[in-house]
Amino acid sequence: MEEQATVADTYKAIGEFVIVFQWVEHLYRQIGWRILDPEQKQWPPMAFRRESNHDLINKVTDLFIDLTKRYAFPNGEEKAREMESLRAPFHELRRYRNRVLHSSYVELKAGGEVLGYLRANPEIGVDPETGELIYDQEEFTGQLVHDKLREFGEHMMSLNFLHVQLIHWLPFERHEPANVAP
């Protein structure tokens, strides 16, 4: 019975991670769509559908910051800094997603029971200082995934609040143009 729980917990955690990651990606698309089409007239929104997650994070972050430079939102500078501060963490989460989803998994068995999993990234790196091979592998559990989601929870909430802030700024034109120095 413990074997089934270990297997189920690991699979469930990976599935939960995928769902949460897709929600973050969707939220970036929603922010980008709201900036490009504030009245959301075009349905379905086609912008950012073919972007890699890397490009999506960068383009939407840049659009948000540019928007705060065009209009004198009362808290625009603060929100622009907040959006910029999320760029690196979400790129880190993206890299983690790639490691989890593109790795190989080996069941660790003893006495005919699954005791756990070993996650191994098939790409082998080289340490630039020593020339030694770097293997990206670890014992993998559902708890690792839950810990990672907890680590990024605050960033996810911040991104969600920025989306809500964007909605509260609408219509953008009701705000004065930002004072842009020549």
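Above this text you will find the structure in question.
Each value, and the rule that gives it
Residues numbered from 1 in each chain as written. Predicted model: local features only at pLDDT ≥ 70, side-chain atom pairs only at ≥ 80, totals over all residues. Heavy atoms only, no water. Helix = DSSP H or I, 4+ residues; strand = E, 2+ residues; numbered from the N terminus. Rg over C-alpha atoms; globule rule 2.2 N^0.38 Å. Contact = heavy atoms within 4.5 Å. Lys, Arg positive; Asp, Glu negative; His and termini not counted. Charge placed at Lys NZ, Arg CZ, Asp CG, Glu CD. Expected span 1.5 Å × (residues − 1). Buried < 20%, exposed > 50% of the residue type's maximum accessible area, 1.4 Å probe, protein only. Phe/Tyr/Trp six-rings, centres within 6.5 Å; stacked < 30°, edge-to-face > 60°. Bend = angle between axes of the 7 residues up to and from the residue. Salt bridge = Lys/Arg side-chain N within 4 Å of Asp/Glu carboxyl O. Core = buried A, V, L, I, M, F, W, Y, C linked by side-chain atoms within 4.5 Å.

1. Comments concerning the overall build of the protein
Part 1: Counting secondary structure elements, the protein contains four helices and five strands.
Part 2: The linear arrangement of helices and strands in the protein, starting from the amino end, is α-α-α-β-β-β-β-β-α.
Part 3: A globule of 182 residues ought to have a C-alpha radius of gyration of about 16 Å, yet the protein, at 21 Å, is considerably larger.
Part 4: Seen through its C-alpha atoms, the protein measures out along the principal axes to roughly 70 × 45 × 25 Å.
Part 5: Once local pairs closer than 6 in sequence are excluded, the contacts in the protein between residues at least 24 apart make up 63%.
Part 6: Across the protein, the centroid of the 21 positively charged side chains sits 8 Å from that of the 30 negatively charged ones.

2. Notes on helix H2 (residues 53-70)
Part 1: The end-to-end C-alpha distance of H2, which contains 18 residues, comes to 26 Å, matching closely the 26 Å that a straight helix rising 1.5 Å per residue would cover.
Part 2: Inspection of H2 places Asn53, Leu56, Ile57, Asn58, Val60, Thr61, Phe64, Ile65, Leu67 and Thr68 among the buried residues, and these make up the whole buried set.

3. Let's talk about the packing of aromatic side chains
Part 1: Under the definition given, this model contains eleven aromatic pairs.
Part 2: Here Phe17 and Tyr96 contribute two aromatic rings whose centre-to-centre distance is 5.4 Å and whose plane-to-plane angle is 80°, an arrangement assigned as edge-to-face. Of this pair, Phe17 sits in helix H1 (residues 2-36) while Tyr96 is found in helix H3 (residues 76-102), placing the two residues 79 residues apart along the sequence.
Part 3: Residue Phe17 is classed as buried on the basis of its relative accessible area, which comes to 1%.
Part 4: On the basis of an interplanar angle of 70° and a centroid distance of 5.2 Å, the ring pair of Tyr105 and Phe140 is categorised as edge-to-face. Of this pair, Tyr105 sits in strand S1 (residues 104-110) while Phe140 sits in strand S5 (residues 137-140), and the two are 35 residues apart along the sequence.

4. Looking at helix H4 (residues 142-169)
Part 1: The end-to-end C-alpha separation of H4 is 40 Å, in line with the 40 Å expected for 28 residues at 1.5 Å each.
Part 2: The principal kink in H4, of about 45°, is found at Phe152.

5. What to know about the pattern of salt bridges
Part 1: The final tally for this structure, using the stated rule, is 13 salt bridges.
Part 2: Across the pair Glu39 and Lys41 runs a salt bridge, and its minimum N-O distance is 3.1 Å. In terms of burial, Glu39 and Lys41 fall into one category: exposed.
Part 3: Across the salt bridge formed by Asp136 and Arg119, the nearest N and O atoms sit 2.8 Å from each other. Within this pair, whereas Asp136 is found in the loop between strand S4 (133-134) and S5, its partner Arg119 is found in strand S2 (residues 113-120), the two being separated by 17 residues in sequence.
Part 4: Judged by its relative accessible area of 2%, Arg119 falls in the buried class.

6. With respect to the nonpolar core
Side chains of a nonpolar character, in soluble globular proteins, are inclined to be buried together.
Part 1: Core analysis: the largest hydrophobic core is formed by 37 residues, its most contacted members being Tyr28, Phe90 and Leu159.
Part 2: At the level of secondary structure, the elements contributing two or more residues to this core comprise H1, H2, H3, S2 and H4.
Part 3: For this core, the element with the highest residue contribution is H1, accounting for ten residues.
Part 4: When neighbours within four sequence positions are excluded, Leu159 is seen to be in contact with Val24, Leu27, Tyr28, Ile31, Met83, Leu86 and Phe90.

7. Description of the environment of Val20
Part 1: Structurally, the position occupied by Val20 is in helix H1.
Part 2: Distance from Val20 to Leu67, taken between C-alpha atoms, is 27 Å for residues 47 residues apart in sequence.
Part 3: Among all residues touching Val20, those that are not within four sequence positions of it are Leu149 and Met156.

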